[in-house]
Amino acid sequence: MDIRVVFARNLKHYRQLRGLTQAALAAAMDVDRAHVSAMERGQQNVILQTLQRVAAHLDVAPAKLIEERADGDARSRSS
């Protein structure tokens, strides 16, 4: 599966698990909500520094955001 799609699914899952809106995460990261939306749709190539920032704001290990589940669904396992 495309790593952008894996990241997108995991990002959305962990964001929702933390009870954050896209706007809230964007504000915490000091980026535009559209940037978070693009990441969640797999339309944004994320650099490692961004991966680390997202992980820190979601309180999850960076590896969890790029972990591909056997069934392809990020919701099958949580942190």
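Residues numbered from 1 in each chain as written. Predicted model: local features only at pLDDT ≥ 70, side-chain atom pairs only at ≥ 80, totals over all residues. Heavy atoms only, no water.

Trainee: Just to check I follow, could you spell out helix H4 (residues 48-58) for this structure?
Mentor: Taken together, the buried positions of H4 are Thr-50, Leu-51, Val-54, Ala-55 and Leu-58. All buried residues of H4 lie within an arc of 135 degrees about the axis, which places them on one face of the element. Away from its buried face by more than 90 degrees, H4 exposes Gln-49, Gln-52 and Ala-56. Packing partners of the buried residues in H4 comprise helix H1 (3-17), helix H2 (22-29), helix H3 (33-40) and helix H5 (62-65). One or two residues past the end of H4 sits Asp-59, with phi positive at roughly 55 degrees. (Buried < 20%, exposed > 50% of the residue type's maximum accessible area, 1.4 Å probe, protein only. Helix = DSSP H or I, 4+ residues; strand = E, 2+ residues; numbered from the N terminus. Arc of directions from axis to C-beta. Contact = heavy atoms within 4.5 Å.)

Trainee: Would you explain unusual backbone geometry in this entry?
Mentor: A negative phi holds for most residues other than glycine; trans holds for most peptide bonds. Phi at Asp-30 is positive, roughly 60 degrees, even though this residue is not glycine. Here Asp-30 lies in the loop between H2 and H3. In this structure Asp-30 comes out as exposed when scored by relative accessible area, which is 72%. Phi is positive for Asp-59, which is not a glycine, with a value near 55 degrees. Positionally, Asp-59 belongs in the loop between H4 and H5.

Trainee: Would you mind going over the environment of Asp-32 with me for this structure?
Mentor: Along the chain, Asp-32 turns up in the loop between H2 and H3. By relative accessible area, Asp-32 is classed as exposed at 52%. Taking the C-alpha atoms as reference, Asp-32 lies 9.2 Å from Gln-22; in sequence the two are 10 residues apart.

Trainee: Which parts of the structure should I look at to understand the packing of H1 against H3?
Mentor: For any two helices packed against each other, one specifies the inter-axial angle together with the distance between the axes. Contact geometry for H1 and H3: axes closest at 7 Å, N-to-C directions at 120 degrees. Of the possible angle classes, the one that applies to H1 and H3 is oblique. Taking contact as the criterion, the partners of Phe-7, Ala-8, Leu-11, Lys-12 and Arg-15 in H1 are, on H3, Val-36, Met-39 and Glu-40. For the contact of H1 with H3, the residue count by class is five nonpolar, no polar and three charged. (Axes fitted to C-alpha atoms, helices over the stretch in contact; angles between N-to-C directions. Parallel < 35°, antiparallel > 145°, perpendicular 65-115°, else oblique. Nonpolar A, V, L, I, M, F, W, Y, C, P; charged D, E, K, R; others polar.)

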